[in-house]
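Reading the structure
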Amino acid sequence: MSLSEQEIIRREKLEKLTQMGINAFPADEYTITDSAQSIKEGFEEGKKVKIAGRLISRRIQGKASFAELQDSSGRIQVYFNRDEICPTDDKELYNEVYKHLLDIGDIIGVEGELFKTQVGEMTVMVKNFTLLTKTLRPLPFAKIDENGVVHDAFNDPELRYRQRYVDLVVNPEVKDVFVKRTKLFNAMRQFFNDAGYFEVETPILQSIPGGAAARPFITHHNALDIPLYLRIANELYLKRLIVGGFDGVYEFSKNFRNEGMDRTHNPEFTAMEIYVAYKDYNWMMDFTEKLLEHCAKAVNGTTKAVFGEHEIDWKAPYERISMTDAIKKFTGYDITGKSEEELRAFAKSIGINVDETMGKGKLIDEIFGEKCEGNFIQPTFITDYPIEMSPLTKKHRDKEGLTERFELMVCGKEIANSYSELNDPIDQRERFEEQMKLSEKGDDEAMFIDQDFLRALEYGMPPTAGLGIGMDRLMMFLTNNASIQEVLFFPQMRPEKKMPAIELGDDEKLILEILKSGEAMPLSEVKEKSQLSGKKWDKATKNLTKSNIVKVEKTENGQIFCRAVNSAILKERKSINVPGAILKLPALKEKDIN
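Everything quoted here is computed from the prediction, not taken from an experiment.

**Overview of the packing of helix α7 (residues 173-194) against helix α15 (residues 471-479)**
- It is the contact of α7 with α15, at a shortest axis distance of 10 Å, that shows an interaxial angle of 120°. It follows from the interaxial angle that α7 and α15 lie oblique. Read as a crossing pair, α7 and α15 show a hand that is right-handed. Contact with α7, carried on its side by Val177, Lys180, Arg181, Leu184, Phe185 and Met188, involves Met471, Asp472, Leu474, Met475, Leu478 and Thr479 of α15 and no other residues of that element.
- For the contact of α7 with α15, the class distribution of residues is eight nonpolar, one polar and three charged.

**Things to note about the sheet that holds strand β4 (residues 107-116)**
- What the five strands build is a closed barrel, ordered β1-β2-β3-β5-β4; its pairing is mixed. Strand-to-strand, the axes of this sheet are offset by a mean angle of 55°, without reference to chain direction.
- Bridge count between strand β1 (residues 48-61) and β4: seven bridges; the pairing is antiparallel. The residue bridging Lys50 from the neighbouring strand is Glu111, located in β4.
- Sheet contacts for helix α4 (residues 92-101): β1, β2 (64-71), β3 (74-81) and β5 (122-133); angle to β1, the most-contacted strand, approximately 70°.

**Quick word on the pairing of β2**
- Counting buried positions along β2 gives six out of eight residues, so the element sits mostly inside the fold.
- In this sheet, β2 lies alongside β1 in antiparallel orientation, the contact comprising seven bridges. Bridge assignment links Gln61 to a residue of β2, and that residue is Ala64.
- Hairpin connection of β1 to β2: two residues between the antiparallel strands, including Gly62 at a positive phi of 65°.
- Joining the antiparallel neighbours β2 and β3 is a turn of two residues.

**Considerations on helix α18 (residues 534-546)**
- Here α18 is 13 residues long and its end C-alpha atoms lie 18 Å apart, about the 18 Å a rise of 1.5 Å per residue gives.
- Of the positions making up α18, those classed as buried are Trp537, Ala540, Thr541 and Leu544. Considered in projection along α18, the buried side chains sweep an arc of 95° and stay on one side of the axis. Among the exposed residues of α18, those pointing more than 90 degrees away from its buried face are Lys535, Lys539, Lys542 and Lys546.
- Residues of α18 that are buried in the fold lie against α16 (506-514), α17 (523-530) and β23 (550-554).
- In the stretch just after α18, Asn548 is the one whose phi turns positive, near 60°.

**Brief notes about the pattern of salt bridges**
- Per the counting criterion, the structure on display carries 40 salt bridges.
- Of the charged contacts, one joins Asp472 and Arg181 as a salt bridge, the two residues approaching to 2.8 Å between their closest N and O atoms. Here the residue Asp472 occupies a position in helix α15, and Arg181 occupies one in helix α7, the gap between them amounting to 291 residues.
- Overall, Arg181 belongs to the buried group, its relative accessible area being 12%.
- Within the structure, one salt-bridge network assembled from shared partners comprises Lys13, Asp103, Asp106 and Lys134.

**Points about the nonpolar core**
- Ranked by size, the top nonpolar core spans 48 residues in total, and within it Met188, Met272, Ile274, Trp314 and Ile469 carry the most contacts.
- Membership of the second largest hydrophobic core comes to 27 residues, among which are Leu14, Val49, Ile76 and Phe80.

**Concerning unusual backbone geometry**
- The residue after Ala316, namely Pro317, is reached through a cis peptide bond having omega 0°.
- Checked against the element boundaries, Pro317 lands in the loop between β15 (310-313) and β16 (319-322).

**A few points about the environment of Glu400**
- You can see Glu400 is positioned in the loop between β17 (380-383) and β18 (405-410).
- For the pair formed by Glu400 and Ile387, sequence separation is 13 residues and the distance between their alpha carbons is 9.0 Å.

**Details of the packing of aromatic side chains**
- For the structure on display, the rule yields 23 aromatic pairs.
- On the basis of an interplanar angle of 20° and a centroid distance of 4.8 Å, the ring pair of Trp283 and Phe287 is categorised as stacked. Here Trp283 and its partner Phe287 are both found in helix α9 (residues 281-300), four residues apart, which amounts to about one turn of the helix.
- Under the relative-accessibility criterion, Trp283 is labelled partly exposed at 25%.
- Its relative accessible area of 8% is what places Phe287 among the buried residues.

Reading the values: the criteria
- Residues numbered from 1 in each chain as written.
- Predicted model: local features only at pLDDT ≥ 70, side-chain atom pairs only at ≥ 80, totals over all residues.
- Heavy atoms only, no water.
- Axes fitted to C-alpha atoms, helices over the stretch in contact; angles between N-to-C directions.
- Helix = DSSP H or I, 4+ residues; strand = E, 2+ residues; numbered from the N terminus.
- Parallel < 35°, antiparallel > 145°, perpendicular 65-115°, else oblique.
- Left-handed = near helix turned anticlockwise from the far one by under 90°.
- Contact = heavy atoms within 4.5 Å.
- Nonpolar A, V, L, I, M, F, W, Y, C, P; charged D, E, K, R; others polar.
- Pairing = 2+ DSSP bridges.
- Buried < 20%, exposed > 50% of the residue type's maximum accessible area, 1.4 Å probe, protein only.
- Expected span 1.5 Å × (residues − 1).
- Arc of directions from axis to C-beta.
- Salt bridge = Lys/Arg side-chain N within 4 Å of Asp/Glu carboxyl O.
- Core = buried A, V, L, I, M, F, W, Y, C linked by side-chain atoms within 4.5 Å.
- Phe/Tyr/Trp six-rings, centres within 6.5 Å; stacked < 30°, edge-to-face > 60°.

Any functional reading would require information beyond the geometric quantities listed.
The structure is reproduced here in structure tokens:
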């Protein structure tokens, strides 16, 4: 295992602690009486408290030190005084352990009394502290200079998503998104429970991936020697429960689709689906807008939420427009009664890429997606979809060729989908067979025929309304996050690249030592401080710049500066096999030098 210089030093400190008889990873319960937040909310001078958290900053001044402790609720200042902690002649706990063997990021427990400093800062006077966990890697905390400018912020998206545990520690505001996510789920669950509906669980491993048009993940069950699919939707199982006599069931389900990844799609995502007997899609529209108004208030305390440049108002009621009217409004084309050939020709005429595998449903979906979706900013119900787009939906009671279906659009994106559910087993079989024809034409997202679901319908399913909501996307809109990765603790990532280590000589290490502050320095000043001969200097700087460890650039006024790469990235990616070896790192952009 390759270790950085700091990692080596921390392990040496761990060894010294062990030699002193201090367990850096104790198993004992550490009883906490307060948190940073509770101290600030109920501050009492002289109150005895016992808290625990990470040491995130400290300023040591001889026998006294101010530090900051961060727990799950926030940060609190703590004050270490040698004579308070070590009232006897033995000062080892402060002089050695605190000053020399603790590091930023270590988790400690603190017992003490509350007081306010001369500037009014609420502070814990430490009477005793206990090391609870020794951290062996340095945390990439940002640095703020005297002008308030932040340097080395841990804001590289790939690093943040891949190492969310670090992101949560050094960027505490990230936690707020996930606190709101929990509030959203709790609010929705409460709304359903208050209405008398039951939360249920359905299989993730399925013999037939039904309930949606999507490409599934495939696995194999060794004992049964059969292929199985990870769930793409839970719809057909929930409908089976309606057949079985439940009047209303819902589930928050993890679904998996073996498709592309982008800012709004993750192969593993969370959906909520609810089915209510004896209702239709008109009732469900009313129910949905009341549900989302309730959830917006629970998450943000108001029905209004900013998303990008838009302020979204989740207060009911929402606008409603049919898909046919929407396409006519934004393209001037009436899709009513049009054949597959006519739709394909029109799609091509307005610049939409289509192919021969697309049936009427896909063609209409492409036209709507390209020309209409982006126009719907405020919550809007798109209703009455063509039958070719909705194989699980009941035919419209009044409009030939359409179905009783709606999607809720917000900022040009779908966040909810609902039907008056198809409960005619003969009609459902015919719809499945049409999907199989699409599959034979090459559509790898066409639905499978689920014979057991058809058998369930033959026993009779009452008229039912169903609703599905993409919980991750809804969370994006409620917290102003344009990327789905921001609302998932651990989004799917591409495999981490392992970069080869580069051995550095003494001259390169000397230059890096001069540049260790991370600040850009005049090239001539660095050369003067290194005291290297011209030949050694040229060789060392060539190696460092070629490996993108040091960046040298000319500013607009002609000055030449050099700088080591961003230290936060350096801490995360440096790999030392022997003292001085370092991974190849990406070059800094010019803005990082100026």
